[in-house]
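# Fold and contact review
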Amino acid sequence: MMRTPCVAKCKNQDGICGGCFRTMTEITEWRHMDEVKQSDTINSIQGVSATHTCSLCGKPAFCDISAGKSTCWCFEIEKRDTSGIESPDCLCRECLSKLPLLDK
């Protein structure tokens, strides 16, 4: 089993950790993931595997839907207000986690 990507700066920011940027689902399922899934998760978070560039920070970002899946990691977190963002592309986990929540 792979070591956890936790950086000991844990803070649940409405569904995503402010330290390692894993979703709460990824954190709770981590010990049940095989090493390939763990590696894929880390690579997508860190931008090693990227589907596009984040329009806010310019860093590599990963969208599960762009990678061919039917859902995306961002569906697991509270919805953010992206109304001021011009690009239709997904944001990286760090930028998305910093946006304010969408008013309910």
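All of these numbers come straight from a predicted model, not from anything done at the bench.

By size, the foremost hydrophobic cluster in this structure holds 16 residues, and its most contacted members are C54, W73, L91 and L96. Not counting residues up to four positions away in its chain, the partners in contact with C54 are K59, A61, C90, L91, C92 and C95.

Between the first and last C-alpha of helix α2 (residues 35-46) there are 16 Å, a value that for 12 residues agrees with the 16 Å anticipated at 1.5 Å per step. Of the residues making up α2, those classed as buried are Q38, T41, I42, S44 and I45. The buried residues of α2 occupy one face: seen down the axis, they fall within an arc of 165°. Contacts from the buried residues of α2 go to α1 (24-29) and α3 (93-98). Where α2 begins, the capping side chain belongs to D34, and its oxygen is found 3.1 Å from the backbone nitrogen of V36.

Further remarks concern unusual backbone geometry. The general pattern is negative phi for most residues beyond glycine and trans for most peptide bonds. The residue D14 is not glycine, and still its phi comes out positive at about 55°. Looking at the secondary structure, you find D14 in the segment before α1. With a relative accessible area of 37%, D14 lands in the partly exposed category. Here the phi dihedral of F21 falls at roughly 65°; this positive angle occurs in a residue that is not glycine. Considering the arrangement of structural elements, one finds F21 in the segment before α1. Since its relative accessible area comes to 16%, F21 is described here as buried.

What follows is about the side chain of T41. Summarising the element assignment, T41 is placed in helix α2. With residues up to four places along the chain from it excluded, the contact list for T41 reads E26, W30 and M33.

Secondary-structure assignment places R22 in the segment before α1. There is no salt bridge for the buried R22, and the closest opposite charge comes from E26, which lies 6.1 Å off by N-O distance. In contact with R22, not counting residues within four places along its chain, are T4, P5, C6, G15, I16, C17, I27, W30, I45 and R93.

This next bit is on the state of the cysteines. Inspection of every chain in the model, using the stated rule, returns zero disulfides. Among the cysteines around C10, which has no disulfide bond, C6 carries the closest sulfur, lying 3.6 Å off. What makes C10 exposed here is its relative accessible area of 54%. Of all cysteine sulfurs in the structure, the one in C92 sits closest to C57, which takes part in no disulfide; the separation is 3.7 Å.

On to the pattern of salt bridges. Within the structure shown, the criterion is met by three salt bridges. With its nearest N and O atoms 2.7 Å apart, the salt bridge here joins R93 to E26. Here the residue R93 occupies a position in helix α3, and E26 occupies one in helix α1, the gap between them amounting to 67 residues. A salt bridge links K98 to E94, with the nearest nitrogen and oxygen atoms 3.3 Å apart. Of this pair, K98 and E94 both sit in helix α3, four residues apart, which is roughly one turn of the helix. Residue E94 is classed as partly exposed on the basis of its relative accessible area of 31%.

What counts as what
- Residues numbered from 1 in each chain as written.
- Predicted model: local features only at pLDDT ≥ 70, side-chain atom pairs only at ≥ 80, totals over all residues.
- Heavy atoms only, no water.
- Core = buried A, V, L, I, M, F, W, Y, C linked by side-chain atoms within 4.5 Å.
- Buried < 20%, exposed > 50% of the residue type's maximum accessible area, 1.4 Å probe, protein only.
- Contact = heavy atoms within 4.5 Å.
- Helix = DSSP H or I, 4+ residues; strand = E, 2+ residues; numbered from the N terminus.
- Expected span 1.5 Å × (residues − 1).
- Arc of directions from axis to C-beta.
- Polar contact = N/O pair within 3.5 Å; in protein donor to acceptor, adjacent residues only side chain to side chain.
- Lys, Arg positive; Asp, Glu negative; His and termini not counted.
- Salt bridge = Lys/Arg side-chain N within 4 Å of Asp/Glu carboxyl O.
- Disulfide = S-S within 2.5 Å.

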